[in-house]
Amino acid sequence: MDIPEIYKKPLKYFFIACSVLVIYSLIGFFLVPSLIQWKLPEIIKQATGRNSKVAKIHFNPFLLSASIKGFEIQEHQGQPFVAFDNFDIDINSFQSIKKSALVFDKVWLNKLFVRIAKQKNGDFNFHDLIKPKKEEKKPEEKGSVFPLVIAKLSLTEGKVVFEDAHFAKPVKEDAIPINLDIENFTTQADQKSRLGFSLGLSSGGKLDWNGELGINPMHSAGKIKLNNLKLERISE
């Protein structure tokens, strides 16, 4: 069946648009996450000399959201050094354009794990990651702060393990759970964010901090509550 001439041009543009949409979807949903998941351990290995792994990476090119699951950087001996279960971000493109800033609806990090260990020789388990200082350059003039807005910034069920083998009797303390909740985090001038932070210690202590936080300029205010904190354990 012949297509009337009047419809040929719109149909041509329609098929071009559909083709571009399909290609964009394939690149965003499949190619980009697969490429990052494949290359990221290699990049980390080159930068740190440590092995790493990623269970899964998701990216939605239409909603501009991304998720990383099961990430881990290992010690040289193979045990976890830094890890997390989930890291999710959602970018709000409309608000980013409207506010001339990078706007996130959500940034969420779940079950972050960090191991900090002082070895018998006095070195920390991250000493090899610290680059030697180069010659100091003249300080540059301070420019404007990058405009960033995060509607909800959260860290849930975090854990930091402290180990010190430098003493005759090794010391160990776990900070768990660590929870952080910041609403309307922003680098814009003279803006305040609501802050909630809590941290528990395996020895029984607990810290709670509720208040407000400002980045530009830097300031904070609020209330800190300490319960059953054993200072002698910390100072061993």
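Everything below is about the structure printed above this text.
Residues numbered from 1 in each chain as written. Predicted model: local features only at pLDDT ≥ 70, side-chain atom pairs only at ≥ 80, totals over all residues. Heavy atoms only, no water.

(A) Inspection of a nonpolar patch on the surface at higher detail. Where nonpolar side chains cluster on the molecular surface, the patch consists of Leu21, Val22, Tyr24, Leu26, Phe29, Phe30, Phe62 and Leu63 and spans about 810 Å² of accessible area. Residue position: Leu63 is located in the loop between strand S1 (52-60) and strand S2 (65-74). (Patch = residues over 30% accessible without salt bridge, like charges linked within 9 Å, V, L, I, M, F, W, Y side chains within 5 Å. Areas by Shrake-Rupley, 256 points an atom, 1.4 Å probe, with all protein chains shown as cover. Salt bridge = Lys/Arg side-chain N within 4 Å of Asp/Glu carboxyl O. Helix = DSSP H or I, 4+ residues; strand = E, 2+ residues; numbered from the N terminus.)

(B) Layout of the pattern of salt bridges. Summed over all chains, the structure comprises ten salt bridges. Put simply, Asp90 and Lys106 hold a salt bridge, and the shortest N to O gap is 4.0 Å. With Asp90 in strand S3 (residues 80-91) and Lys106 in strand S4 (residues 102-110), this pair connects stretches of sequence that are 16 residues apart. Under the relative-accessibility criterion, Asp90 is labelled partly exposed at 23%. A salt bridge links Lys152 to Asp181; the nearest nitrogen and oxygen atoms lie 3.0 Å apart. With Lys152 in strand S6 (residues 148-164) and Asp181 in strand S7 (residues 171-186), the pair connects residues that are 29 residues apart, well separated along the chain. A relative accessible area of 22% means that Asp181 is categorised as partly exposed. What you see here is one network of salt bridges that share partners, running through Arg50, Glu75, Arg115, Asp128 and Glu163. (Buried < 20%, exposed > 50% of the residue type's maximum accessible area, 1.4 Å probe, protein only.)

(C) Expanded view of the packing of aromatic side chains. All told, the structure shown has six aromatic pairs when counted by the stated rule. Here Phe14 and Phe15 contribute two aromatic rings whose centre-to-centre distance is 5.7 Å and whose plane-to-plane angle is 65°, an arrangement assigned as edge-to-face. Taking the relative accessible area as the measure of exposure, Phe15 reaches 52% and is therefore exposed. Taken together, a centroid distance of 5.1 Å and an interplanar angle of 25° make the contact between Phe71 and Phe84 stacked. Taken together, the residues span a long stretch of sequence, with Phe71 in strand S2 and Phe84 in strand S3 at a distance of 13 residues. Across this residue pair, the class does not change: Phe71 and Phe84 are buried. An aromatic cluster is defined as three or more aromatic residues linked by ring pairs; in this entry it consists of Tyr24, Phe29 and Phe62. In this structure, Lys39 is placed above the aromatic ring of Trp38, and the distance from its NZ or CZ to the ring centre is 5.2 Å. Against the face of Phe81 rests Arg50, its NZ or CZ located 4.6 Å from the ring centre. (Phe/Tyr/Trp six-rings, centres within 6.5 Å; stacked < 30°, edge-to-face > 60°. Lys NZ or Arg CZ within 6 Å of the ring centre and 35° of its normal.)

(D) Representation of the pairing of strand S10 (residues 218-227) in the model. Here strand S9 (residues 206-215) pairs with S10 via ten bridges, running antiparallel. Considered in S10, the bridge of Gly211 is made with Gly222. Joining the antiparallel neighbours S9 and S10 is a turn of two residues. (Pairing = 2+ DSSP bridges.)

(E) Focus on the pairing of strand S8 (residues 193-201). As judged from the seven bridges shared by S7 and S8, these two strands associate in the antiparallel manner. Counted as the bridge partner of Asn179 is Ser198 from S8. Taken together, S7 and the strand that follows it, S8, pair antiparallel across an intervening segment of six residues, in which Asp190 is found at a positive phi of about 60°. For S8 and S9, the ladder comprises eight bridges, and the chain directions are antiparallel. Along S9, the bridge assignment pairs Ser193 with Leu213.

Purely spatial values, then, with no claim about function.
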